[in-house]
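Close look at the chain arrangement
In case you want the letters, here they are:
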Amino acid sequence: MVQGNGNYERILEKISRSSGLEKAEIERRIEAKKAKLSGLISMEGAAQVVAAELGISFENEKLKINELLPGMRKVNTIGKVMNISPVRTFTTKKGEASKVVNFWIADETSNIKVVLWDTNLILLIETGKIGVDTVIEITNGSMRDNEIHLGSFSQLKPSAEVIENAKTEKVFRHKNIIDLKPGENTDLRAFVLQVFEPRFFNVCPECSKKVTQEGEVFICEKHGKVIPEKRAVSSIVIDDGTDSVRAVLFNEALSKLGFSQLDDTDKFSAEKGNIIGKEMVFTGNVRNNAFFNNHEMIVDDIKEVNPDELIMELEKN
Ligand SMILES: [Zn+2]
C-alpha cells in the first residue's frame, strides 16, 4: 500500500511536469475520472487515463523501475541484471516449440522481474552477451501486473550506463488477495479470520535448518550433532474483502501477531480470541500449496496498520 501511494505520487508529478498543470488540478481530473468509472479503476489507472487524455505518453521516456506501473505499454527502462532463471522450453497452443526466460533487474529505485518470450532476445542470454551484472536497456516492453514482458516487438541490449547502489533487496508490492500469484513478494492489509494450533519442530542453532532426530541426538546436515532450538509454525486465514488466503507464520511473525506463549495451549487459545478479527499488514512471498492446490502466503513480517495511511485513504475515497 505504501508502494501504491508512492507510485501514485510519482505519476502525478510526472503528469504535472509534462503538462504544466498544477498537481491539484490533475488530482481533480483523476478523481473525476475515477468517479465516472464508478471507482472500478485504481488511482494509478485513472492517472494513466488522464495522462493519455492530456497527450502525455511515457513511450519516449526512460522510466525508473519504481515508476513502472501495471498496465503500462511500450515502457523503456534500464537496469542491472541480478539473476537469470534457466531457459525453459514449452510447446505453444499451435504445437510449436518455444522458449521463455525470466530475470530480475535493479536500478537505484527498485527491482523488477523481466520475462522474455522472444527467441532472438533469449539468444542474447544463451550466448552470454547478457549475463548477471550486465546493465541492460529495455525498449518497448509491456507491463503485465508487476512484470515487464518482452516479445518480438521489444528490444533488449547491453547499456554503457553504470548503476551504482542497485536496490537488490526484495520489493514488496501491494496486492489484493484475489490477485495473488505464486512467486510474488507482496504486502497486503487483511483481517485475521482463523488461527490454527501451532506445530513445533527442531532447528539447528547455527543455520536454522531443520534437524533430524536419531534417538536422543539431533543432527544438522551441515553442522552435525547439535542442541536444537524449538520453533513453531502456524497457519492462519486472512481476508481483505476480495478473497481469503491461508498464511503460514513462524515464531517471529506469530509474536508480532500478538502471541506471547506458543507452547502453552491454554494461553494460546486465550490469546487467539484477541487476535481473530485484528487487521494487520502482512508481508511475504506467495507460493502454491500442492496439497491444498491453492495459494498460500509465507509471511516474513507483520505490521500494525498505519493510522496516517488509513486517514489518507479515507480522505481520498
Ligand atoms: Zn546447521
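Looking at where Ser154 falls in the secondary structure, it is placed in the loop between strand 7 (147–150) and strand 8 (155–158). For Ser154, a relative accessible area of 8% gives the class buried. One polar contact links the side chain of Ser154 to the main-chain amide nitrogen of Gly151, over a distance of 3.0 Å. Among residues more than four places away in sequence, those in contact with Ser154 are Leu121, Thr139, Asn140, Gly141 and His149.

Another aspect to go through is the coordination of the zinc ion. The zinc ion binds to the protein through Cys204 (SG), Cys207 (SG), Cys220 (SG) and His223 (ND1); the donor distances cover 2.1 to 2.3 Å. Here the zinc ion is ringed by 4 donor atoms whose angles at the metal span 104 to 112°, and the overall shape comes out tetrahedral. Each donor residue of the zinc ion belongs to the same chain, and together they define the spacing C-x2-C-x12-C-x2-H. By relative accessible area, which is 0% here, Cys204 ends up buried. With a relative accessible area of 23%, Cys207 lands in the partly exposed category.

Examined at the domain level, the protein chain breaks down into domain 1 (1–56), domain 2 (58–171) and domain 3 (173–316). Each of domain 2 and domain 3 has a C-alpha centre, and these two points are 32 Å apart. At the interface, 8 residues of domain 2 touch 5 residues of domain 3. Between domain 2 and domain 3 lies a buried interface of about 670 Å² when both sides are counted; carbon and sulfur atoms form 34% of it. The largest contributions to the domain 2 side of the interface with domain 3 come from Asn146, Lys170 and Val171, which together make up 61% of the buried area. Counting across the interface, domain 2 meets domain 3 through 0 salt bridges. Where domain 2 meets domain 3, there are 0 residue pairs in polar contact (both at pLDDT 80 or more). Here the side of domain 2 that touches domain 3 is composed, by residue class, of 3 nonpolar, 3 polar and 2 charged.

A separate point is helix 6 (residues 265–275). Among all positions of helix 6, only Phe268, Glu271 and Ile275 are buried. Viewed along the axis of helix 6, the buried residues span an arc of 75°, placing them on a single side of the element. Facing away from the buried surface of helix 6 by more than 90 degrees, the exposed residues are Asp266, Ala270 and Gly273. Looking at the buried side of helix 6, the elements it contacts are strand 10 (185–195), strand 15 (229–239) and helix 5 (251–257). N-capping of helix 6 is provided by Asp264, with a side-chain oxygen placed 3.1 Å from the backbone N of Asp266.

This next bit is on the pattern of salt bridges. Using the criterion set out here, one finds 17 salt bridges in the structure. A salt bridge links Lys175 to Glu184; the shortest N-O distance between them is 3.2 Å. Lys175 sits in the buried class, given a relative accessible area of 8%. The class of Glu184 is buried, set by a relative accessible area of 13%. In this structure, Glu279 engages Arg189 in a salt bridge whose closest nitrogen and oxygen atoms are separated by 3.0 Å. Of the two residues, Glu279 sits in strand 17 (residues 279–289) while Arg189 sits in strand 10, which places them 90 residues apart along the sequence. Via salt bridges that share partners, Glu252, Lys256, Asp301 and Lys303 belong to a single interconnected network.

The share of residues in the protein chain with pLDDT of 70 or more is 93%, and the mean pLDDT across the chain is 86. Mean pLDDT across the elements of the protein chain bottoms out in helix 7 (residues 307–316) (54) and peaks in strand 8 (96).

It is worth spelling out the packing of aromatic side chains at this point. Going through the model one piece at a time under the given rule, you end up with 3 aromatic pairs. With 6.2 Å between their ring centres and 85° between their planes, Phe201 and Phe250 make a pair best called edge-to-face. Taken together, the positions of Phe201 in strand 11 (residues 199–203) and Phe250 in strand 16 (residues 244–250) put the pair 49 residues apart, joining distant regions of the chain. The partly exposed category is assigned to Phe250, whose relative accessible area is 35%. In this structure, Lys210 is placed above the aromatic ring of Phe201, and the distance from its NZ or CZ to the ring centre is 5.4 Å. Across the ring face of Phe200, the terminal group of Lys230 is positioned such that the distance to the ring centre comes to 4.7 Å.

So, how was this worked out
- Residues numbered from 1 in each chain as written.
- Predicted model: local features only at pLDDT ≥ 70, side-chain atom pairs only at ≥ 80, totals over all residues.
- Heavy atoms only, no water.
- Helix = DSSP H or I, 4+ residues; strand = E, 2+ residues; numbered from the N terminus.
- Buried < 20%, exposed > 50% of the residue type's maximum accessible area, 1.4 Å probe, protein only.
- Polar contact = N/O pair within 3.5 Å; in protein donor to acceptor, adjacent residues only side chain to side chain.
- Contact = heavy atoms within 4.5 Å.
- Donors = N, O, S within 2.8 Å, 3.2 Å for Na, K, Ca; no water.
- Tetrahedral: all angles 85-135°; square planar, octahedral: opposite > 155°, others 65-115°.
- Domains from an automatic or database assignment.
- Buried area = accessible area lost by both parts, 1.4 Å probe.
- Salt bridge = Lys/Arg side-chain N within 4 Å of Asp/Glu carboxyl O.
- Nonpolar A, V, L, I, M, F, W, Y, C, P; charged D, E, K, R; others polar.
- Arc of directions from axis to C-beta.
- pLDDT = per-residue confidence, 0-100.
- Phe/Tyr/Trp six-rings, centres within 6.5 Å; stacked < 30°, edge-to-face > 60°.
- Lys NZ or Arg CZ within 6 Å of the ring centre and 35° of its normal.

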